[in-house]
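# Working through the structure, step by step
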Amino acid sequence: MLSRIEQDRLERRARLLFSWRDKAQALAEGERLPRDQDLPQAMDSGKAAAYFAEQSRRARRKTDEFRVKLRERMENAQDLVRVALHQQRALAARAGGGRIDAQEANDENRRLQEELRERGMEANLCHRILALETVEDLGGFIDLPLPRYARELERFRVSESSDSDSSSDREDRETGKDGAPSPGMAVWLGQLRRLVPKNLGRWDFIAVGAAGVTVLFAALYFLYSTQFAGAVNFDVLPAPQGTWVLSVENRTTHTVAVAVPGNAGQGSARADYAVFVEMQEPGQSAFRRLPDAERAWVYEGSAGSDNGPVGVASGLSAKWTLSPDKLAMPDPKALLRVVVLAGSRPIYAQDLAFETKTGGGAPAAKKPS
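Everything numeric here is computed off the predicted structure, so don't read it as measured data. (Residues numbered from 1 in each chain as written. Predicted model: local features only at pLDDT ≥ 70, side-chain atom pairs only at ≥ 80, totals over all residues. Heavy atoms only, no water.)

## Topic: the confidence of the model for the protein
Note the following rule: As a per-residue measure, pLDDT reflects the predictor's confidence and takes values from 0 up to 100. By definition, residues are in contact when any of their heavy atoms lie within 4.5 Å.
Taken over all residues, the pLDDT of the protein has a mean of 75, while the share at 70 or more is 70%. Scored below 50 in pLDDT, residues 163-185 makes 21 contacts in the model with residues more than four places away or belonging to other chains. Below pLDDT 50 for its whole length, residues 222-229 participates in 9 contacts with residues either more than four positions away or in separate chains.

In structure tokens, the structure reads:
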């Protein structure tokens with residue numbers, strides 16, 4: 001089913017693709033002046049024209065592929081709506097003929113209604129995005145350094161087709177209706193048996209057993225470290241009106257203290273995690289920390305530093321809003337990023353895109369007459 005999160009990511013992916021396509025084309029055709037960050041590090045500026053042309057071709061190809069897959073997804077969702085409608089009509093006949101009782105009929109009808117709602121929403125969303133032609137129709141241009149678009153798109157990857165298989169369907173494919181392996185599974189098992197030597201000695205079984213124990217302990221350690229011991233997860237995502245939201249999710253068994261910004265509540269209890277905004281100026285390779293960032297952060301209606309470090313209890317989450325326009329930036333073309341430190345060790349970093357309602361953040365170059 002298409003969750004709200006997946007819907008947001010699908011729309012965001014379309015917006016990024018359109019922005020990439022438009023910016024690459026503008027740079028390739030000389031309609032826009034490039035910034036230093038629009039070329040990969042250490043690339044000779046003499047190769048810029050070829051790089052912009054390649055990026056333009058790649059962005060158009062990726063956008064076309066996205067639209068093809070989106071159309072397939074829409075058609076698949078529409079097919080599933082038709083199937084659910086057919087099942088709903090058949091359900092009425094089954095209930096009227098006494099083949100199922102009223103409770104079973106009600107339960108099945110609710111399931112079909114939910115299927116119709118979800119698949120209908122999915123088909124409508126795909127249709128709406130397919131009908132759009134410009135990035136302004138999607139909410140506005142996202143101005144990233146040109147090499148960043150491909151990497152940013154990976155963060156907003158979504159499934160490219162409707163999940164039409166129920167768990168019972170998947171089990172039927174794997175085991176068959178009578179519990180025996182399906183033909184596909186039988187073929188796979190036969191291939192696996194051919195890989196195993198028929199005559200294994202005593203030491204071979206010992207070696208196989210030792211390897212199995214090692215793999216088991218490694219799996220248990222992984223589960224403990226990721227699921228049972230838990231972790232503190234950070235994410236920075238765009239929000240309306242050019243703001244960004246920092247989310248912190250505490251999956252550990254104890255409360256953690258998060259200071260946003262990192263100098264919040266100095267002199268109070270030491271924070272487990274500190275968050276800073278850093279800036280990379282054009283022509284520079286290193287980032288430097290921005291001072292006086294307190295007024296740019298808001299937590300529960302108050303400036304980020306007013307309350308000092310925030311305690312995030314086990315199993316809970318917290319959110320801060322960052323307004324980049326309130327940061328003291330000496331150069332508006334600088335690249336910003338949010339960095340999270342655990343002690344002195346960076347554990348998370350996310351570059352911030354500049355989002356506008358027009359075609360871009362850099363001034364356009366005039367075409368030669």
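## What about the nonpolar core?
Threshold: As used here, the term nonpolar core means buried Ala, Val, Leu, Ile, Met, Phe, Trp, Tyr and Cys residues forming a set that is joined through side-chain atoms within 4.5 Å. Classification of residues uses two cut-offs on accessible area relative to the type maximum, computed with a 1.4 Å probe and protein chains only: under 20% is buried, over 50% is exposed, and between them is partly exposed. Secondary structure elements follow DSSP: runs of H or I of four or more residues count as helices, runs of E of two or more count as strands, with numbering from the N terminus.
Judged by nonpolar contacts, the single largest core of 31 residues is most densely connected at Trp-20, Phe-52, Phe-66, Leu-70, Ile-129, Leu-146 and Tyr-149. Those elements giving two or more residues to this core turn out to be α1 (4-28), α2 (48-96), α3 (102-131), β1 (141-143) and α4 (148-155). With near-sequence residues (within four places) excluded, Leu-146 lies in contact with Trp-20, Lys-23, Ala-24, Leu-27, Gln-37, Asp-38, Tyr-51, Phe-52 and Gln-55.

## Focus: unusual backbone geometry
Following Val-260, the chain continues into Pro-261 via a peptide bond in cis, with omega recorded as -5°. Looking at the secondary structure, you find Pro-261 in the loop between β4 (256-259) and β5 (273-280).

## Let's talk about the side chain of Glu-278
Applicable threshold: Whenever a nitrogen or oxygen atom comes within 3.5 Å of another N or O atom, the pair is scored as a polar contact, on the condition that within protein one atom can donate a hydrogen and the other can accept it, and that pairs from neighbouring residues in sequence are kept only if both atoms are in side chains.
As for its position among the elements, Glu-278 is in strand β5. Within the structure, Glu-278 has its side chain in polar contact with the side chain of Arg-337 (distance 2.8 Å). In this structure, Glu-278 is in contact with Phe-287, Arg-288, Arg-289, Leu-290, Leu-335, Leu-336, Arg-337 and Val-339, ignoring residues within four places of it in sequence.

## Observations concerning the pattern of salt bridges
Filter applied, for reference: For salt bridges, the criterion is a side-chain nitrogen of Lys or Arg within 4 Å of an Asp or Glu carboxyl oxygen.
In this structure the tally under the stated criterion is 21 salt bridges. Between Arg-21 and Asp-22 there is a salt bridge, with its nearest N and O atoms 3.1 Å apart. Note on Arg-21: relative accessible area 18%, which makes it buried. Residues Arg-82 and Asp-79 are paired through a salt bridge, measuring 2.6 Å at the closest nitrogen-oxygen approach. Note that Arg-82 and Asp-79 are positioned in helix α2 at a spacing of 3 residues, about one turn of the helix. Several salt bridges share partner residues, and in doing so they unite Lys-23, Arg-32, Arg-35, Asp-38 and Asp-143 into one network.

## Details of α4
Quick reminder of the rule: Taking the helix axis as origin, the arc is that swept by the directions to the C-beta atoms.
Regarding α4, the residues found buried are Arg-148, Tyr-149, Glu-152 and Leu-153. In an axial view of α4, the angular spread of the buried residues amounts to 135°, which keeps them on one side of the axis.

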